[in-house]
Amino acid sequence: ALPIWGICGTMEAQITAMTALVEGVAGGPLLLRGKVTSGSALDTALIRKEGDMSECDQVDLSNNGLKDAPAAVFRLRNLRELNLSENKISELSPICLWENLTSLDLSNNNLSKVHTLMLLQTQLVELNVRNNKLTMLPMLPDTIVRILASQNRLTSLSPNFESHTSLEVCELAENELEILPFESVVLPKLRSLDLRNNKIKALPTKMAELTGLRQLELSGNPLDLAMIAAAASGPPDVLAMLNKQPGGKSGPPQRPDGMFDGIVESINTPGVNPGVIKAGYVIFGALIFFDMILFIALGPSIHVLVLFLLSVGVFGSMQWFIGELVQAQDEHDRMVAVGELSSPDSEEVKKDK
């Protein structure tokens, strides 16, 4: 092990090296991508040269393995662009003086939380927090235009999401979102929305008002396959489908719960109907039970045995037939989803255009 003076000497050497890198910035950009050997040494160097950096407007500390963001960076009032991507940062100071900040890149870190009010006083236009561990987005100013937040653990968006009227690009793929806040939100400038690989089961009908939308990604969600197919055709098809459902949310078509209602509905509805299946189970269950009662009451009888075997055979055949129908329906839905077939809903949308 190094003696204490050896450790101090090594640290001082690192501080001297970091100070040399920081010197001469004088309001210009501080670009240290992959050049930082010690986060604490950099922090000390920045504090020593803080006066010289008061006008610095661009800092790039990406790809340095930093576990903490240097404290001096949070005090740069004129900072406009900050890149802390590709580090190991798990937490940020809740207090910053970034009144003029417009671009913040925190992607590929270990962040599980960004303080809710931290960025609210900035002039942020683009926030990149891809590939972290965030469960909720922080509150952002009205100036935000691009939110890049894929590959996190988001279950909800920021509390003031409805105020992002300048938002144009919103990337939320590969998260854990189940509900979207669009029931009370109108984002007039939103043109690209990526919701792939979440847990969204239904789209709010309010999304039909996103008339500026040009790109919408919905694959990998437990949505109605017709809705996913419509998204593949383009946002206008999705918006048209939502417009046709003024009283509720998009999702799988609702089937009647009652057995009798299901049988009646099956007359005009193709595919496997739960009501009909339930009726078949009841009928064949009763028939097999009656055969067993006859066998017990009348004793061994070839006629009752044949009737029993026929009932079991027909019931088994029905089960096989239902399985084939389900498999065929799944294959049809898969082909619709990948675009090999057009769905009835998307055809109706195209006819209405």
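Residues numbered from 1 in each chain as written. Predicted model: local features only at pLDDT ≥ 70, side-chain atom pairs only at ≥ 80, totals over all residues. Heavy atoms only, no water.

### Thoughts on the overall build of the protein chain
(1) Moving on: Tallying secondary structure elements over the protein chain gives 8 helices and 9 strands in all.
(2) Moving on: Residues classed as buried in the protein chain amount to 39% of the 353 residues present.
(3) Moving on: Expressed as a percentage of contacts within the protein chain between residues at least 6 apart in sequence, the contacts between residues at least 24 apart total 30%.
(4) Moving on: Surface summary for the protein chain: the accessible area is close to 18500 Å², and the carbon and sulfur share equals 57%. (Helix = DSSP H or I, 4+ residues; strand = E, 2+ residues; numbered from the N terminus. Buried < 20%, exposed > 50% of the residue type's maximum accessible area, 1.4 Å probe, protein only. Contact = heavy atoms within 4.5 Å. Areas by Shrake-Rupley, 256 points an atom, 1.4 Å probe, with all protein chains shown as cover.)

### Some remarks on the side chain of Asn132
(1) Moving on: Positionally, Asn132 belongs in the loop between strand E5 (126-128) and strand E6 (146-148).
(2) Moving on: A polar contact is formed between the side chain of Asn132 and the backbone nitrogen of Asn109, at a distance of 3.3 Å.
(3) Moving on: Setting aside chain neighbours within four positions, we find Asn132 in contact with Leu106, Ser107, Asn108, Asn109, Asn110, Leu111, Gln151 and Asn152. (Polar contact = N/O pair within 3.5 Å; in protein donor to acceptor, adjacent residues only side chain to side chain.)

### Structural notes on the sheet that holds strand E3 (residues 81-83)
(1) Moving on: As summarised here, the arrangement of the 9 strands in space is E1-E2-E3-E4-E5-E6-E7-E8-E9, forming an open sheet in which the pairing is parallel. In the strand order of this sheet, the two ends are held by strand E1 (30-31) and strand E9 (215-217), each with one partner. (Pairing = 2+ DSSP bridges.)

### Considering the pattern of salt bridges
(1) Moving on: Enumeration according to the criterion identifies 7 salt bridges in this entry.
(2) Moving on: Put simply, Glu171 and Arg130 hold a salt bridge, and the shortest N to O gap is 2.7 Å. You can see Glu171 sitting in strand E7 (residues 169-171) and its partner Arg130 sitting in the loop between E5 and E6, a full 41 residues away along the chain.
(3) Moving on: By relative accessible area, which is 16% here, Glu171 ends up buried.
(4) Moving on: Its relative accessible area of 28% is what places Arg130 among the partly exposed residues.
(5) Moving on: Measuring nitrogen to oxygen at the nearest pair gives 2.7 Å for the salt bridge that ties Asp194 to Arg196.
(6) Moving on: On the basis of relative accessibility, which here comes to 10%, the residue Asp194 falls in the buried class.
(7) Moving on: Arg196 sits in the partly exposed class, given a relative accessible area of 31%. (Salt bridge = Lys/Arg side-chain N within 4 Å of Asp/Glu carboxyl O.)

### Some words on a nonpolar patch on the surface
(1) Moving on: A cluster of nonpolar residues, Phe295, Ile302, Leu305, Val306, Leu309 and Leu310, forms a patch on the protein surface that exposes about 560 Å² of accessible area.
(2) Moving on: For the nonpolar patch, the leading source of residues is helix H7 (residues 302-337), giving 5 residues.
(3) Moving on: Structurally, Ile302 is set in helix H7.
(4) Moving on: Residue classification places Ile302 among the exposed residues on the basis of a relative accessible area of 56%. (Patch = residues over 30% accessible without salt bridge, like charges linked within 9 Å, V, L, I, M, F, W, Y side chains within 5 Å.)

### Observations concerning the confidence of the model for the protein chain
(1) Moving on: Chain-level pLDDT for the protein chain is 77 on average; 72% of the residues reach the 70-or-more range.
(2) Moving on: Ignoring residues within four places in sequence, the model shows residues 246-257, a span with pLDDT below 50, making 28 contacts including any to other chains. (pLDDT = per-residue confidence, 0-100.)

### Re the nonpolar core
(1) Moving on: Counting 67 residues, the largest nonpolar core has Leu82, Leu92, Trp98, Leu104, Leu172 and Leu203 as its most contacted members.
(2) Moving on: The leading source of residues in this core is helix H3 (residues 225-233), at 5 residues.
(3) Moving on: The contacts of Leu104, once residues within four sequence positions are left out, are Leu82, Trp98, Leu119, Leu124, Glu126, Leu127 and Asn128. (Core = buried A, V, L, I, M, F, W, Y, C linked by side-chain atoms within 4.5 Å.)

### Digging into unusual backbone geometry
Comment: phi is negative for the bulk of residues other than glycine, and the bulk of peptide bonds are trans.
(1) Moving on: One non-glycine residue, Glu86, adopts positive backbone phi at about 55 degrees.
(2) Moving on: As for its position among the elements, Glu86 is in the loop between E3 and strand E4 (103-105).
(3) Moving on: Exposure remark for Glu86: the relative accessible area of 33% places this residue in the partly exposed category.
(4) Moving on: Not every positive phi belongs to a glycine, and Asn131 is a case in point at roughly 55 degrees.
(5) Moving on: Asn131 gets classed as partly exposed once you look at its relative accessible area, which sits at 34%.

### Quick word on H3
(1) Moving on: Those residues of H3 that sit buried are Ala226, Met227, Ile228, Ala229, Ala230 and Ala231.
(2) Moving on: Just beyond H3, the residue with positive phi is Gly234, at close to 140 degrees.

### Digging into the environment of Leu195
(1) Moving on: Relative to the helices and strands, Leu195 resides in the loop between strand E8 (192-194) and E9.
(2) Moving on: Judged by relative accessible area, Leu195 falls into the buried class, the value being 0%.
(3) Moving on: Expressed as a C-alpha distance, the spacing of Leu195 and Leu180, which sit 15 residues apart in the sequence, is 9.9 Å.
(4) Moving on: Leave out the neighbours within four places in its chain, and Leu195 touches Leu172, Ala173, Leu180, Ile200, Glu217, Leu218 and Asn221.

### Looking at the packing of H3 against helix H4 (residues 235-243)
(1) Moving on: At their nearest, the axes of H3 and H4 sit 6 Å apart, and the two run at 140 degrees to each other. In terms of orientation, H3 and H4 fall into the oblique class. The segment H3 lies against H4, with Ala226, Met227, Ala230, Ala231 and Ser233 engaging Asp237, Val238, Met241 and Leu242.
(2) Moving on: Per-class residue counts for the contact of H3 with H4 are 7 nonpolar, 1 polar and 1 charged. (Axes fitted to C-alpha atoms, helices over the stretch in contact; angles between N-to-C directions. Parallel < 35°, antiparallel > 145°, perpendicular 65-115°, else oblique. Nonpolar A, V, L, I, M, F, W, Y, C, P; charged D, E, K, R; others polar.)

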